Amino acid sequence: MFDWDFKNWLVNRGYKEYTPSGNPSTAYDYVKRINFVIEQEHYNSWQNVADNIDFLLREYGETGKKAMLGKKSHNSVISALRRFKEFLEDN
């Protein structure tokens, strides 16, 4: 439910959907990063991420237990979680 709405929200805010060569870009990557968190946390859905977003931001943040995962791929995991919180606040 959330995944494509989140992707569209990102695109509407100027995040790239595709690279100049046609490959998926940041908007798709952030969706993939939230799916990564779902796997890591053994969650069933994006709703679980939404329900636990503040906890996840602490866990994957700079001083959290999973900070190394948050820093993965140039901080894309924690960045995706931050943008997802903004998305939730907007909706």
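Counting of residues starts from 1 at the beginning of each chain's written sequence and follows it residue by residue. Given that the model is predicted, a residue must reach a pLDDT of at least 70 before its local features are reported, and side-chain atom pairs must reach 80 or more before they are shown or counted; all residues, however, enter totals for whole chains, interfaces and linings. Each side-chain value is worked out from all heavy atoms of the structure, with water and hydrogens disregarded.

Trainee: It is not clear to me how the environment of Tyr 60 should be interpreted in this structure. Could you clarify?
Mentor: Note on conventions: DSSP H or I runs of at least 4 residues are helices, E runs of at least 2 residues are strands, and numbering of each starts at the N terminus. Its location among the elements puts Tyr 60 in helix H4 (residues 53-60). Along the backbone, Tyr 60 and Lys 72 are twelve residues apart, and their C-alpha atoms lie at a distance of 9.9 Å. Non-local contacts of Tyr 60, meaning those with residues more than four positions away in its chain, are made with Val 37, Gln 40, Glu 41, Lys 66, Ala 67, Leu 69, Gly 70, Val 77, Ile 78 and Leu 81. Contact between two residues is taken to exist if any of their heavy atoms lie within 4.5 Å; hydrogens are not considered.

Trainee: Where do I start with the nonpolar core in this structure?
Mentor: Here is a general trend for soluble globular proteins: nonpolar side chains tend to be buried in one another's company. Residues grouped as a nonpolar core are buried Ala, Val, Leu, Ile, Met, Phe, Trp, Tyr and Cys residues, joined through side-chain atoms within 4.5 Å. Burial here depends on accessible area, computed with a 1.4 Å probe over protein chains only, as a share of the maximum for the residue type. Under 20% is buried, over 50% is exposed, and the range in between is partly exposed. Counting 25 residues, the largest nonpolar core has Phe 6, Ile 34, Trp 46, Val 49, Leu 81 and Phe 84 as its most contacted members. Sorting the residues of this core by element identifies helix H1 (2-12), helix H2 (26-41), helix H3 (46-51), H4 and helix H6 (72-90) as the ones contributing at least two each. Once residues within four sequence positions are removed from consideration, Val 49 is found in contact with Ile 34, Ile 38, Tyr 43, Leu 56, Leu 81 and Phe 84.

Trainee: Explain H6 to me, please; I cannot follow it from the model alone.
Mentor: Turn by turn, an α-helix covers 3.6 residues, leaving residues three or four places apart pointing in a common direction. With 19 residues, H6 should reach 27 Å at 1.5 Å per residue; the first-to-last C-alpha distance of 26 Å fits that figure. Approximately 30° is the largest bend angle found in H6, and it occurs at Ser 79. Ser 76, Val 77, Ile 78, Ser 79, Ala 80, Leu 81, Arg 83, Phe 84 and Phe 87 are the residues of H6 that are buried. Those residues of H6 that are buried lie in contact with H1, H2, H3, H4 and helix H5 (67-70). To estimate the expected span of a helix, subtract one from its residue number and multiply by 1.5 Å. The angle separating two fitted axes, one through the seven residues that finish at a residue and one through the seven that start at it, defines the bend at that residue.

Trainee: What is the right way to look at the packing of aromatic side chains in this model?
Mentor: Each aromatic ring pair is summarised here by two numbers: the centre-to-centre distance and the angle between the ring planes. Pairing of aromatic rings covers Phe, Tyr and Trp, the last counted by its six-membered ring, and requires centre-to-centre distances within 6.5 Å; plane angles under 30 degrees mean stacked, over 60 mean edge-to-face, and any other angle means tilted. In total, this model carries twelve aromatic pairs according to the counting rule given. Consider the rings of Phe 2 and Phe 84, whose centres lie 5.7 Å apart with planes at 90°: the pair is edge-to-face. Taken together, the positions of Phe 2 in helix H1 and Phe 84 in helix H6 put the pair 82 residues apart, joining distant regions of the chain. Residues Phe 2 and Phe 84 agree in their burial class; the two are buried. Ring pairs connect the aromatic residues Phe 2, Phe 6, Trp 9, Trp 46, Phe 84 and Phe 87, which therefore count as one cluster.

Trainee: Would you take a moment to explain the packing of H1 against H6 for this structure?
Mentor: Helix packing geometry: the angle between the two helix axes and the distance between the axes. H6 packs onto H1 with a crossing angle of 95° between their chain directions and a minimal axis gap of 10 Å. Between H1 and H6, the crossing angle belongs to the class labelled roughly perpendicular. Together, Phe 2, Asp 5, Phe 6, Trp 9 and Leu 10 of H1 and Ala 80, Arg 83, Phe 84, Glu 86, Phe 87, Leu 88 and Asp 90 of H6 make up the contact between the two elements. The classification used treats Ala, Val, Leu, Ile, Met, Phe, Trp, Tyr, Cys and Pro as nonpolar, Asp, Glu, Lys and Arg as charged, and all other residues, Gly among them, as polar. Each residue belonging to the contact of H1 with H6 can be placed in one class, and the counts come to eight nonpolar, no polar and four charged. Angles run from 0 to 180 degrees between N-to-C directions of axes, and those axes are lines fitted to C-alpha atoms, restricted for helices to the stretch in contact. Comment on the angle field: the value is read as roughly parallel under 35 degrees, roughly antiparallel over 145, roughly perpendicular from 65 to 115, and oblique elsewhere.

Trainee: What is the right way to look at the pattern of salt bridges in this model?
Mentor: Where charged atoms from two side chains of opposite charge approach closely, those side chains can pair. A side-chain nitrogen of Lys or Arg and a carboxyl oxygen of Asp or Glu constitute a salt bridge if their distance falls within 4 Å. Per the counting criterion, the structure on display carries seven salt bridges. Salt-bridge contacts for Asp 29 lead to Arg 33; the nearest nitrogen and oxygen are separated by 3.1 Å. Here Arg 33 and Asp 29 lie together in helix H2, a separation of four residues that amounts to about one turn. When sorted by exposure, Asp 29 lands in the same class as Arg 33, which is buried. In this structure, Glu 86 engages Arg 83 in a salt bridge whose closest nitrogen and oxygen atoms are separated by 3.0 Å. Here Glu 86 pairs with Arg 83, and both are found in helix H6, just three residues apart, close to one helical turn. Look at Glu 86 and you get partly exposed, because its relative accessible area is 33%. Taking relative accessible area as the criterion, Arg 83 reaches 17% and is therefore assigned buried. One salt-bridge network, held together by shared partners, links Asp 29, Lys 32 and Arg 33.

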